[in-house]
Amino acid sequence: MKRYAWIVLAMVALGCTLTGCGNKGGVDTSKLESTFKSAEAAAKTAVDQAVTAIRSGDYSGALASLQKAAVQAKLTPEQTQAINDVIAQVQKMITEAAGKAAEGANKAVGDIQKSLPK
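In this text the structure is predicted, and so the values were computed from the model without any measurement.

Scanning the protein for helices and strands turns up five helices and zero strands. Ordering the α and β elements of the protein from the N terminus gives α-α-α-α-α. Of the contacts formed within the protein by residues at least 6 apart in sequence, a portion of 68% connects residues at least 24 apart.

In structure tokens, the structure reads:
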């Protein structure tokens, strides 16, 4: 039973490492932030929420906020391009995180199978 508890603890730690402690610097929001400094309030709010979500590692929340900002009626071409660039970066981070999680899950399953009595 102790072995099972350690395995579960290791899996939880692995999951936290992959989702919560990932590379926050993987998404560059500087251009996005600078192009929305003087934007309409609704668009600026959505972008600010996206930046906050990115910094906290909440990429799905960031993607939702970016998509909300993208449908704003009065965006400049620079703002539209900045949103599209960051959306692409966030999607890449989501894909990488999913790949790492799958690798970790496969390893954890393999470790559990090895630890089970035959």
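Still more to cover.
Their axes nearest at 8 Å, the elements helix H3 (residues 41–55) and helix H4 (residues 59–70) cross at an angle of 165 degrees. One finds that H3 runs roughly antiparallel with respect to H4. Classified by chirality, the crossing of H4 by H3 is left-handed. Touching Ala43, Ala46, Val47, Gln49, Ala50, Ala53 and Ile54 of H3 are Tyr59, Gly61, Ala62, Ser65, Leu66, Lys68 and Ala69, all from H4.

Any two side chains of opposite charge can pair, so long as their charged atoms come close to each other. Counted according to the given criterion, the structure contains four salt bridges. Close ionic contact of aspartate 85 with lysine 31 constitutes a salt bridge, the shortest N to O distance being 4.0 Å. Of this pair, aspartate 85 sits in helix H5 (residues 77–115) while lysine 31 sits in helix H2 (residues 30–35), placing them 54 residues apart in sequence. Two residues, aspartate 48 and lysine 44, come together in a salt bridge whose shortest N-O distance is 3.5 Å. A residue pair is termed a helical-turn pair when its members lie 3 or 4 positions apart in one helix, as aspartate 48 and lysine 44 do in helix H3 at four residues. Of the residues examined, aspartate 48 reaches a relative accessible area of 37% and is grouped as partly exposed.

The next point concerns H4. For H4, with twelve residues, the first-to-last C-alpha span of 16 Å sits near the 16 Å given by 1.5 Å per residue. Residues of H4 that are buried include every one of Tyr59, Gly61, Ala62, Leu63, Ser65, Leu66 and Ala69, and no others. Looking at the buried side of H4, the elements it contacts are H2, H3 and H5.

Counting 23 residues, the largest nonpolar core has Leu32, Phe36 and Val90 as its most contacted members. The biggest single contributor to this core is H3, with seven residues. Sequence-distant contacts of valine 90, defined by excluding residues within four places in its chain, comprise Val27, Ile54, Tyr59, Leu63 and Leu66.

Let's shift gears to the environment of threonine 52. In this structure, threonine 52 sits in helix H3. Within the structure, the side chain of threonine 52 is placed 3.0 Å from the backbone oxygen of aspartate 48, a separation counted as a polar contact.

Here we come to the packing of H4 against H5. The geometry of H4 relative to H5 is characterised by a closest axis approach of 10 Å and an angle of 160 degrees between their N-to-C directions. Judged on the interaxial angle alone, H5 and H4 are roughly antiparallel. In the crossing of H4 with H5, the sense of the turn from one axis to the other is left-handed. Of the residues in H5, those touching H4 at Tyr59, Ser60, Leu63, Leu66, Gln67, Ala69 and Ala70 are Ile83, Val86, Ile87, Val90, Gln91, Met93 and Ile94. Here the residues of the contact of H4 with H5 sort into eleven nonpolar, three polar and no charged.

Calculation criteria
- Residues numbered from 1 in each chain as written.
- Predicted model: local features only at pLDDT ≥ 70, side-chain atom pairs only at ≥ 80, totals over all residues.
- Heavy atoms only, no water.
- Helix = DSSP H or I, 4+ residues; strand = E, 2+ residues; numbered from the N terminus.
- Contact = heavy atoms within 4.5 Å.
- Axes fitted to C-alpha atoms, helices over the stretch in contact; angles between N-to-C directions.
- Parallel < 35°, antiparallel > 145°, perpendicular 65-115°, else oblique.
- Left-handed = near helix turned anticlockwise from the far one by under 90°.
- Salt bridge = Lys/Arg side-chain N within 4 Å of Asp/Glu carboxyl O.
- Buried < 20%, exposed > 50% of the residue type's maximum accessible area, 1.4 Å probe, protein only.
- Expected span 1.5 Å × (residues − 1).
- Core = buried A, V, L, I, M, F, W, Y, C linked by side-chain atoms within 4.5 Å.
- Polar contact = N/O pair within 3.5 Å; in protein donor to acceptor, adjacent residues only side chain to side chain.
- Nonpolar A, V, L, I, M, F, W, Y, C, P; charged D, E, K, R; others polar.

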